[in-house]
Amino acid sequence: MAISLGRYKNWLLPVIVVGGAYAVALVIRAGGPEVEIIAPEPQATVVRVVSAQPETVQLTVESQGEAGAEHSIDLTSELAGKVLKVSPGFVSGGYFTTGDVLVQIDPTDYRLAKIRAAAAVAEAEEELSIEKSEARLAAEGLFPMMEAKVASAEARVQSARAELAQAEADLERTLIRAPFDGRVLFTQVDPGQYISKGASMARIFSTGRAEIRLPLTDQQLQFLDNPFGTGRDGGRLNTPVTFRAAVGGRPAEWQGYLDRMDGAVDDDNRVWYAVAYVDDPYNIEGSHAAAPLVVGLFVEAEITGRRIADVYRLPRSALRNENQILVVDADNRLRQRQVDVLRTDFAAVYVAGGITPGERICVSPIDTFVDGLLVEAIETTGALAALTETGS
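Let us look at the structure shown here. In this text the structure is predicted, and so the values were computed from the model without any measurement.

Calculation rules
- Residues numbered from 1 in each chain as written.
- Predicted model: local features only at pLDDT ≥ 70, side-chain atom pairs only at ≥ 80, totals over all residues.
- Heavy atoms only, no water.
- Helix = DSSP H or I, 4+ residues; strand = E, 2+ residues; numbered from the N terminus.
- Contact = heavy atoms within 4.5 Å.
- Areas by Shrake-Rupley, 256 points an atom, 1.4 Å probe, with all protein chains shown as cover.
- Core = buried A, V, L, I, M, F, W, Y, C linked by side-chain atoms within 4.5 Å.
- Buried < 20%, exposed > 50% of the residue type's maximum accessible area, 1.4 Å probe, protein only.
- Phe/Tyr/Trp six-rings, centres within 6.5 Å; stacked < 30°, edge-to-face > 60°.
- Lys NZ or Arg CZ within 6 Å of the ring centre and 35° of its normal.
- Pairing = 2+ DSSP bridges.
- Axes fitted to C-alpha atoms, helices over the stretch in contact; angles between N-to-C directions.
- Lys, Arg positive; Asp, Glu negative; His and termini not counted.
- Salt bridge = Lys/Arg side-chain N within 4 Å of Asp/Glu carboxyl O.
- Polar contact = N/O pair within 3.5 Å; in protein donor to acceptor, adjacent residues only side chain to side chain.

Before going further, it helps to examine the overall build of the chain. The secondary structure content of the chain amounts to 5 helices and 21 strands. Nonlocal contacts in the chain, meaning residues at least 24 apart in sequence, comprise 74% of its contacts between residues at least 6 apart. For the chain, the exposed surface amounts to about 23800 Å²; the carbon and sulfur share of it is 53%.

This brings us to the nonpolar core. Core analysis: the biggest nonpolar cluster contains 32 residues, and Ile-212, Phe-243, Trp-254 and Leu-293 have the highest contact counts within it. For this core, the elements supplying multiple residues, two or more each, are strand E2 (54-69), strand E11 (209-216), strand E12 (239-247), strand E13 (250-261), strand E14 (272-279), strand E15 (298-315) and strand E19 (348-353). In terms of residue count, the dominant contributor to this core is E15 (5 residues). Counting 20 residues, the second-largest nonpolar core is a separate cluster that includes Ala-178, Val-184, Met-201 and Ala-202.

Here we come to the packing of aromatic side chains. Scanning all chains against the criterion turns up 4 aromatic pairs. Aromatic pair Phe-205 and Tyr-282: ring centres 6.3 Å apart, planes at 35°, arrangement tilted. With Phe-205 in strand E10 (residues 200-206) and Tyr-282 in the loop between E14 and E15, this pair connects stretches of sequence that are 77 residues apart. On the basis of relative accessibility, which here comes to 7%, the residue Phe-205 falls in the buried class. Among the aromatic residues, those joined into a ring-pair cluster are Tyr-95, Phe-205 and Tyr-282. It is Arg-209 that lies over the ring of Tyr-277; its NZ or CZ is 3.7 Å from the centre. The lysine or arginine in question, Arg-213, covers the ring of Tyr-273, its NZ or CZ lying 4.3 Å from the ring centre.

Relative to the assigned elements, Ile-325 resides in strand E16 (residues 324-328). Sequence spacing of Ile-325 and Cys-362 is 37 residues, and the spatial spacing of their C-alpha atoms is 7.4 Å. Not counting the four nearest positions on each side in its chain, Ile-325 is found in contact with Ala-318, Arg-320, Arg-335, Gln-336, Arg-337, Val-339, Ile-355 and Ile-361.

Before going further, it helps to examine the sheet that holds strand E17 (residues 333-338). Strand order in the closed barrel formed by 5 strands is E1-E20-E16-E17-E21, and the pairing between neighbours is mixed. Within the sheet, the average angular offset between the axes of one strand and its neighbour, ignoring direction, is 55°. Both E16 and strand E20 (residues 360-362) contribute to a ladder of 2 bridges, which runs antiparallel. The residue of E20 that forms the bridge with Val-328 is Arg-360.

Right, let's talk about the sheet that holds strand E5 (residues 95-96) for a bit. Taking strand neighbours across the sheet as the criterion, the 4 strands line up as E3-E10-E8-E5 in an open arrangement whose pairing is antiparallel. The open sheet has two free edges, formed respectively by strand E3 (72-76) and E5, since each of these has just one partner strand. Inspection of the sheet shows strand E8 (residues 182-187) paired to E10 by 5 bridges, in the antiparallel sense. Paired with Thr-187 across the two strands is Ala-202, which belongs to E10.

The backbone of Asn-283 shows a phi angle near 55°, a positive value even though the residue is not glycine. Positionally, Asn-283 belongs in the loop between E14 and E15. When its relative accessible area of 25% is taken as the criterion, Asn-283 is described as partly exposed. Positive phi values are uncommon outside glycine, yet Asn-321 reaches one of about 55°. Among the structural elements, Asn-321 can be located in the loop between E15 and E16. On the basis of relative accessible area, Asn-321 is assigned to the exposed category, the value being 60%.

Examined bridge by bridge, strand E1 (residues 45-51) and strand E21 (residues 373-379) share 5 bridges and lie parallel to one another. Across the sheet, the residue bridging to Val-46 is Glu-376, located in E21. Bridging between E17 and E21 involves 2 bridges; their strand directions are antiparallel. Bridging from a neighbouring strand, Leu-334 pairs with Leu-373 of E21.

Take the side chain of Arg-320 next. Here Arg-320 is to be found in the loop between E15 and E16. Although Arg-320 lies buried, it forms no salt bridge, and the closest oppositely charged side chain, Asp-367, sits 8.4 Å away as judged by the N-O distance. Reaching out from Arg-320, the side chain makes a polar contact with the backbone oxygen of Cys-362 at a distance of 3.2 Å. When near neighbours in sequence (up to four residues on either side) are disregarded, Arg-320 contacts Ile-325, Leu-326, Cys-362, Val-363, Ser-364, Pro-365 and Ile-366.

Below, the structure is given as C-alpha cells:
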C-alpha cells in the first residue's frame, strides 16, 4: 500500500490543492452580496438643426462668356490708290466716332474723272438740245426719224449723268469714314502705301455696347422667366444680368441684360446660347464707375431668374443622396424624408415640397444613419443667415 501511494502522490497533491481552492471560492461567493446588473441608458447623438420656413426666393442662373463687340468689321477700300493720310486715332486701340475720316486716298485721279464726266454730261445735253430743236422745226410727218434721234440723245445724256454720279461717288469714297462709334483693333496701312480695291485696311469694332453670348443648359432655362420671349419681333427679354471679372487684379462688376436667345441649339455642345448686352462698356458716356469691359475679357454672369413662392431654402449640408433629408421628430428621433428638390448650388438647396413649416432639419454629418436614432437637437440660426448674406 505504501508503494501504491508513493506512486500517485506526485499528481494527486496538486489535484487536492486545486479542489480545495475551488471549494473555498464557492463558499465565499455563496456568502457575499448579490451584484445588481444595470443596463446603460442610451446616449443621444448631438446634431445641429435648422427650422424650415417657406419663403419667396429669387432664383439666379450662372453662366460665363467672352465679351465681344456688337459690331466688328474689316475696314476695306472701295477704290485703288495711294494712301494720302490717316487719322491720328487710326492706330491700334484708337477711338473714333461716326463719320470721322479714318483714311484718305489720293483724290487727284478721281477729281479728274469727275471733271471729264461733267464735260461729257454737258456735251450730251447740248446734243439733246439740238436734236429737240430740229425736231420742233421739222414738218410733221416729213422726218419720222427725228423722234428716234431725240430718244438716242436723251439716252446719252442719262448715261453721261450716271458716269458723273459715279465719279462724284468715287471722289467721296477717297475719304474713308467711320461707320459707327468705335475703336481700332489693328491697322494694315500707312501713309504713302498704295492699296488696291477691296484691300483690308484695319479691323474696327463698335463701343456702343458689349455683346456676350452665354451658354445655358436646358435645365437652367426652367429657372428663367419666359426665356424665349413672345411675338414675331423676337421677344426682347430685357432680363437683368450682372457680369463680374478681375481687371488689373481688382474685382469689377457691370450691369447688363439678356436681349434674346439664339434661334437654334448649338450643334457641337447641344446647349442654348443667350445674347446679352452691356451698354457703354468703355464708360465713354460716364455711365458707370467700373473698369472698361474690353473685348476678349472672360466674364462670369449671374442672370436674374424666376421668383418662386413657398420654397424652403436649406444649407447644402442638409441634403443627403440627392433628394433626401433627415428630420428630427417631436420625440427627438431622426427620420429620413424624400423631398422635391427644386435646385442646388454651392451653398444651398431649394426644396419645393416634402417639408412642413417649422420642421427641424438636420444639417450635421451622420456617419451611420439608423431610423429612429435618438438625437439631441441644437437649433442653429447662423446657417440660414449666412445663406442670405451670400446671396445664394
